[in-house]
Amino acid sequence: MTTLVVAIAGPLTTVQDLGRPGYAHLGVPRSGALDQPALTLANRLVGNDPGAAGLEITLGPFAATLTAAGTVALTGAAAPFRVGGRPAPLNAPVAVRAGDRIEIGSTVLGLRGYLAVSGGLQAEVVLGSKSTDTLSALGPAVVRGGDRLPIGPRTGEPAAVDVAPQPRLGRDATLRITWGPRADRFTDPHALTHTRYTIDARSNRVGTRLVGTALARADARELPSEGIVLGAVQVPADGQPLVFLADHPTTGGYPVVAVVDPRDLPLLAQARPGDTVRFHGPEQ
């Protein structure tokens, strides 16, 4: 069996597919790639099924070798990319010889890169997914240097394109929202849409923490825990919003002021600490 031998794993590299939705009633997050269009594109470029497992590489650097010839594609965040010592394009199928070193530098725009290998990464399926869940510790362990990741047999041919269109990456994202079930718990919930928030360095796969205008509570009473959905904008006691991502808990007690449109969550997945985001409400 072909194996991807990891030399450098970087600060956080995980195995991800399209996740395990449908188990919130059991307390299990959906997990999966935070930037699903990027993973889907990478799989399409190398000839995999859209839901095949690949690597989500946060910030980089990353380096590995394949034990047999194959095809790889790197999508998502922009980063220096070399295969076999030669520069390689992003968002394109790249042929790899057995023993070629695959090298990904630190990201220069965006936060998370997605590396797909023809045949897809093989891992134990847990509740219908091979994804690593960093909150519940389900699925494969976080990837470390020295790991040997098995690759399945090729199921399709690489895409007949040179380079796919570059996805939009930027340092100032606008996120569409709908108002949440607890917007009335704030004296001025619309302050959320009038503020440019900065991504906090404490953000992770569970959620993106924001720093900006604090949202003041109109009702300071605590809520009983209630269900949390992907993209929920929860507001802890300090008034600073937190947007839940794929590894979010399934319940929470802080009020949810809004919910981000799922189509805009890939923008948030690529926002790095220091970048800014703005919210656009339905009334604007």
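This text goes with the structure placed above it.
Because the structure is a prediction, the values reported are computed rather than measured.

Draft legend 1. Layout of the sheet that holds strand β19 (residues 256–260). In space, the 7 strands of this closed barrel follow the order β12-β19-β16-β17-β14-β13-β20, with mixed pairing throughout. For this sheet, the mean angle separating the axes of adjacent strands, direction not counted, is 40°. Two elements, strand β16 (residues 232–234) and β19, share 3 bridges in a ladder whose sense is antiparallel. Residue pairing in the sheet places Gln234 in a bridge with Val256 of β19.

Draft legend 2. The arrangement of the packing of aromatic side chains in detail. According to the stated counting rule, one finds 1 aromatic pair in the structure shown. Look at Tyr197 and Phe279: their rings are 6.1 Å apart centre to centre, the planes differ by 65°, and that puts the pair in the edge-to-face class. Of this pair, Tyr197 sits in strand β13 (residues 196–199) while Phe279 is found in strand β20 (residues 276–280), placing the two residues 82 residues apart along the sequence. For the pair Tyr197 and Phe279, one class covers both residues: buried.

Draft legend 3. Structural context of the pairing of β20. In this structure, strand β12 (residues 172–179) lies alongside β20, joined through 5 bridges in parallel fashion. When the sheet's bridge partners are listed, Asp172 is paired in β20 with Thr276. Of the pairings in the sheet, the one linking β13 to β20 comprises 3 bridges and is antiparallel in character. Opposite Thr198, over in β20, you have Thr276 as the bridge partner.

Draft legend 4. Layout of the nonpolar core. With 31 residues, the main nonpolar core has Leu192, Val257 and Phe279 as its most contacted residues. Those elements giving two or more residues to this core turn out to be α1 (36–46), β12, β13, β19, α2 (265–269) and β20. Per-element accounting of this core gives the leading share, 4 residues, to α2. Discounting residues that sit within four places of it in the chain, Leu192 has contacts with Ile177, Trp179, Tyr197, Leu215, Val233, Pro241, Val257, Ala258 and Phe279.

Draft legend 5. Seen up close, the sheet that holds strand β5 (residues 70–78). Read across the sheet, 5 strands follow the order β2-β3-β10-β5-β8 without closing on themselves; strand pairing throughout is antiparallel. Taken across any chain shown, the strands that pair with only one partner, and hence form the sheet edges, are β2 (12–16) and β8 (94–96). Strand-to-strand, the axes of this sheet are offset by a mean angle of 25°, without reference to chain direction. The strands that α1 touches are β2, β3 (54–58), β5 and β10 (109–117); relative to β5, the one it contacts most, it runs at about 155°.

Draft legend 6. Here's a closer look at the pattern of salt bridges. Taken as a whole and assessed by the stated rule, the structure comprises 13 salt bridges. Of the charged contacts, one joins Asp172 and Arg196 as a salt bridge, the two residues approaching to 3.6 Å between their closest N and O atoms. Within this pair, whereas Asp172 is found in strand β12, its partner Arg196 is found in strand β13, the two being separated by 24 residues in sequence. A relative accessible area of 32% places Asp172 in the partly exposed class. Assessed through its relative accessible area of 47%, Arg196 is described here as partly exposed. Here the salt bridges do not stand alone but share partners, grouping Glu56, Arg112, Arg205 and Asp247 into one network.

Cut-offs and rules
Residues numbered from 1 in each chain as written. Predicted model: local features only at pLDDT ≥ 70, side-chain atom pairs only at ≥ 80, totals over all residues. Heavy atoms only, no water. Pairing = 2+ DSSP bridges. Helix = DSSP H or I, 4+ residues; strand = E, 2+ residues; numbered from the N terminus. Axes fitted to C-alpha atoms, helices over the stretch in contact; angles between N-to-C directions. Phe/Tyr/Trp six-rings, centres within 6.5 Å; stacked < 30°, edge-to-face > 60°. Buried < 20%, exposed > 50% of the residue type's maximum accessible area, 1.4 Å probe, protein only. Core = buried A, V, L, I, M, F, W, Y, C linked by side-chain atoms within 4.5 Å. Contact = heavy atoms within 4.5 Å. Salt bridge = Lys/Arg side-chain N within 4 Å of Asp/Glu carboxyl O.

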